[in-house]
Amino acid sequence: MTNGRKQAGSQIETDVLIVGGGPAGGWAALAAAGAGARVVLADKGYHGTSGATAPSNTGTWCVPPGEARAEAVERRWQRTHGLADRRWMHRTVHQAYANLLQLVEWGYAFPRDDQGNLYIANLRGPDYMHFLRRKVKAAGVTILDHHPALELLTDGDVVTGAAGLSRRTGDDWHVHAGAVVLATGGCAFFERLMGGGGLTGDGYLMAAEAGAALSGMEFTGKYTLAPFDSSLNKGLPYRWASFHRQDGTPILDSRGRPLTNGIGGTDHELARALLDGPVFARLGLAEPAMQDWLRRGQPNCFLPYDRRGIDPFTQLFRVNLTAEGTVRGTGGIRLVGDDCATDVPGLYAAGDAASRENVTGASSGGGAMNASWAMASGWFAGAGAARHARQRGTRRAVGLALGQAGLRPAAAARPVDHAALVESVRAETIPLDRNFFRTGDGLAAGRERLEGVWAEIRDHLSAQGAERLRVREIAAVVASARWSLAAAEVRRESRGVHRRADLPETDAAWTRRLIVSGLDQVEVSPDFTAAQAQERAS
């Protein structure tokens, strides 16, 4: 672990610091507070409205105890391309179900079916997060809204807190803690996603600066259909879609049949069609009753059409595949313990900040899996952090700052074109012909280009006051892209949402996870520990 410099500014002491205020952060705060810890939650936005869950409806992996649970785990494991861990899957579905029952006990307003029974498998994002915030406050947690963390603190061996700024004033803050949970979400690579504006991989960069490794970063090739020029990446309505060119000519799949069902494994066909030209959709395969159900169950999905005066069930509208990075991809900070500990003492990770390979393998965890993982991993991490803080005691941390890129340039600070940096990283992570369909040559060339971008950031990027947040976001996204491309180049096969056009087959020899580490020098190595754990679980 690298030592930085000691910081001055406002000081807060606590047992557990939660960085991030989405569902994983909320559940981590509740678990830590429930274990008797003093807890501070620092959110980049407003806890209860920030993140990808708040503006959405989401299902959960809701399976009651019994034989059906074991069957559900096995069915899901078969879709993980051999990289998930059945034991972790059982732990996750168990804890997530317990948390759903806890929501019932607390009085969360779940909907009821026609027989009056509670339907607990679905969560309405806005009221779910508002409800969670109320519970977090009632638990005595100190909430720091609009207080993004910029870097972690250390005593030289153990993570002892974090430092950041107030977006309202630009002033510094420092929280000294017995343990830290990173629940900062995934990385959307500056793509427009609903609720994804602040998802810039901040936790990945902070963890790596502390010496933590990442895993699953090659699985960032998840794309979801959305109306063209819209951030509404909700794929469900496209189950009833047919796809056409602008003149209404049906697009044919590889077997010569009209292309339909945009969530039924047709993403390869759609990606190739989009590379050939604009694609239009119509949701005309939905019967009237289904149309009504979709509008009532997913009302936000229809706002882009309503605003444009389009009836999506009868009229064609242009669509695009939206890159979702690690938000609905898989990669994140590597976990080494059942309590979501990282390989750095005192540092824990939860939700999309953590790798979800334990439960999703090489496939996407979007929707129900991610929602349940946020609940379970948040709970595990909060409890683990509270336990670690209790064991360490209440001694005051030294508080040496670890942040480098964007905060403390390696050479002389000088003006850097922020927009150019953003476009450079998006050029390697968003286009279908670079990130959906990958090649070894393309990945190598992209890595070389990003090395130049990283050198500029490392050596010269700097800012003052509130602008420090933006430069750290840029640094985090570029670092995340470098880790993603490095892992994708090493994995010489296609598996799940990692697709190599030059290596289209899945190779059994690559049924192992890849650990990614390092900032200036990125290293990729097989994770033999995870492979052994998976073998024991099976």
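Above: the structure in question.
These numbers come from a predicted model, not from an experiment. (Residues numbered from 1 in each chain as written. Predicted model: local features only at pLDDT ≥ 70, side-chain atom pairs only at ≥ 80, totals over all residues. Heavy atoms only, no water.)

Would you mind showing me how to read the overall build of the protein chain here?
When its secondary structure is counted, the protein chain shows 15 helices and 18 strands. The C-alpha radius of gyration of the protein chain comes to 22 Å, within 12% of the 24 Å expected for a compact globule of 538 residues. As presented, the protein chain carries roughly 20,900 Å² of accessible surface, and 49% of it is formed by carbon and sulfur atoms. Charge separation in the protein chain, taken as the distance between the mean sites of 61 positive and 57 negative side-chain charges, equals 3 Å. (Helix = DSSP H or I, 4+ residues; strand = E, 2+ residues; numbered from the N terminus. Rg over C-alpha atoms; globule rule 2.2 N^0.38 Å. Areas by Shrake-Rupley, 256 points an atom, 1.4 Å probe, with all protein chains shown as cover. Lys, Arg positive; Asp, Glu negative; His and termini not counted. Charge placed at Lys NZ, Arg CZ, Asp CG, Glu CD.)

Which parts of the structure should I look at to understand the nonpolar core?
Counting 147 residues, the largest nonpolar core has Val-16, Leu-103, Leu-152 and Ile-457 as its most contacted members. For this core, the element with the highest residue contribution is helix α14 (residues 468-490), accounting for 13 residues. Excluding residues that lie within four positions of it along the chain, Ile-457 makes contacts with Ala-405, Gly-406, Leu-421, Ile-474, Ala-475 and Val-478. (Core = buried A, V, L, I, M, F, W, Y, C linked by side-chain atoms within 4.5 Å. Buried < 20%, exposed > 50% of the residue type's maximum accessible area, 1.4 Å probe, protein only. Contact = heavy atoms within 4.5 Å.)

It is not clear to me how empty space enclosed by the protein should be interpreted in this structure. Could you clarify?
Which parts of space are left empty comes out when a probe the size of a water molecule is rolled across the atoms. Enumeration according to the criterion identifies one cavity of 30 Å³ or more in this entry. A volume near 60 Å³ is recorded for the largest cavity. Counting residues per element, the ones that place at least two in the lining of the largest cavity are β6 (149-154), α5 (202-209) and α14. Looking at the lining of the largest cavity element by element, the count peaks at four residues for α14. (1 Å grid on protein atoms, 1.4 Å probe; cavity = no way out; pocket = protein on both sides within 12 Å on 5 of 7 lines; lining within 4 Å. Points joined across faces, edges and corners; volume = space filled by probe spheres on them.)

Where do I start with the packing of helix α11 (residues 418-429) against helix α13 (residues 440-460) in this structure?
Axes are the key here: two packed helices are described by the angle between their axes and the distance separating the axes. Between α11 and α13, whose axes approach to 10 Å, the crossing angle comes to 155°. Between α11 and α13, the interaxial angle falls into the category roughly antiparallel. The two elements α11 and α13 meet at a crossing, and its hand is left-handed. Here Leu-421, Ser-424, Val-425 and Glu-428 of α11 lie close against α13, whose contacting residues are Gly-446, Arg-449, Leu-450, Val-453 and Ile-457. For the contact of α11 with α13, the residue count by class is five nonpolar, two polar and two charged. (Axes fitted to C-alpha atoms, helices over the stretch in contact; angles between N-to-C directions. Parallel < 35°, antiparallel > 145°, perpendicular 65-115°, else oblique. Left-handed = near helix turned anticlockwise from the far one by under 90°. Nonpolar A, V, L, I, M, F, W, Y, C, P; charged D, E, K, R; others polar.)

I'm lost on the sheet that holds strand β17 (residues 513-517) in this one. Help?
The strands making up a sheet are joined through hydrogen bonds of the backbone, oriented either antiparallel or parallel. Pairing in this open sheet of four strands is antiparallel, and the strands run β14-β9-β17-β18 from one edge to the other. Pairing within the sheet leaves two strands with one partner each, and these edge strands are β14 (332-333) and β18 (523-527). Two elements, β17 and β18, share five bridges in a ladder whose sense is antiparallel. Its bridge partner lying in β18, Val-516 is registered against Val-524. Of the strands in this sheet, β9 (214-215), β17 and β18 are in contact with α14, which crosses β17 at around 140°. (Pairing = 2+ DSSP bridges.)

Would you explain the sheet that holds strand β10 (residues 223-227) in this entry?
Spatially, the four strands line up as an open sheet ordered β10-β13-β12-β11, and their pairing is antiparallel. Where the open sheet ends on each side, the last strands, each with one partner, are β10 and β11 (242-244). For this sheet, the mean inter-axis angle between neighbouring strands, taken without regard to orientation, is 45°. Alignment of β11 against strand β12 (residues 279-282), held across three bridges, turns out to be antiparallel. Note on β12: the bridge partner recorded for Phe-243 is Ala-281. Helix-sheet contacts for helix α6 (residues 267-276) involve β10, β11, β12 and β13 (317-323), and the interaxial angle to β13 is about 110°.

Please explain helix α3 (residues 86-106) as it appears in this structure.
Residues separated by three or four positions in an α-helix point in the same direction, a consequence of the helix having 3.6 residues per turn. For α3, with 21 residues, the first-to-last C-alpha span of 30 Å sits near the 30 Å given by 1.5 Å per residue. Turning to α3, its buried residues are Arg-86, Trp-88, Met-89, Thr-92, Val-93, Gln-95, Ala-96, Tyr-97, Asn-99, Leu-100 and Leu-103. Positive backbone phi, approximately 100°, marks Gly-107, located one or two places after α3. (Expected span 1.5 Å × (residues − 1).)

It is not clear to me how the pairing of β10 should be interpreted in this structure. Could you clarify?
As a general feature of sheets, a regular strand has side chains that alternate between the two faces. Most of β10 is tucked away, with five of its five residues classed as buried. The side-chain alternation of β10 yields two buried faces, one formed by Tyr-223, Leu-225 and Pro-227 and the other by Thr-224 and Ala-226.

Please explain the packing of aromatic side chains as it appears in this structure.
Aromatic ring pairs: the centre-centre distance and the angle between the two ring planes describe each pair. Within this structure, the stated rule accounts for 13 aromatic pairs. A ring pair is formed by Trp-27 and Trp-106, whose centres lie 5.8 Å apart and whose planes are at 20°; its orientation type is stacked. Here the residue Trp-27 occupies a position in helix α1 (residues 23-34), and Trp-106 occupies one in helix α3, the gap between them amounting to 79 residues. The class of Trp-106 is partly exposed, set by a relative accessible area of 26%. For the pair Tyr-108 and Phe-131, a centre-to-centre distance of 5.5 Å together with 70° between the ring planes defines the contact as edge-to-face. Here Tyr-108, found in the loop between α3 and β4 (122-124), pairs with Phe-131, found in helix α4 (residues 125-138); they are 23 residues apart in sequence, far enough to count as distant. Phe-131 matches Tyr-108 in its accessibility class, with the two residues each being buried. Through pairs of rings, three or more aromatic residues link up here, namely Tyr-238, Phe-302, Tyr-305, Phe-313 and Phe-317. Note that Arg-318 overlies the ring of Phe-228, its terminal NZ or CZ placed 3.8 Å from the centroid. Arg-499 extends its terminal NZ or CZ atom over the ring of Phe-436, reaching a point 3.6 Å from the ring centre. (Phe/Tyr/Trp six-rings, centres within 6.5 Å; stacked < 30°, edge-to-face > 60°. Lys NZ or Arg CZ within 6 Å of the ring centre and 35° of its normal.)

Keep in mind that these numbers describe shape and distance, not what the molecule does.
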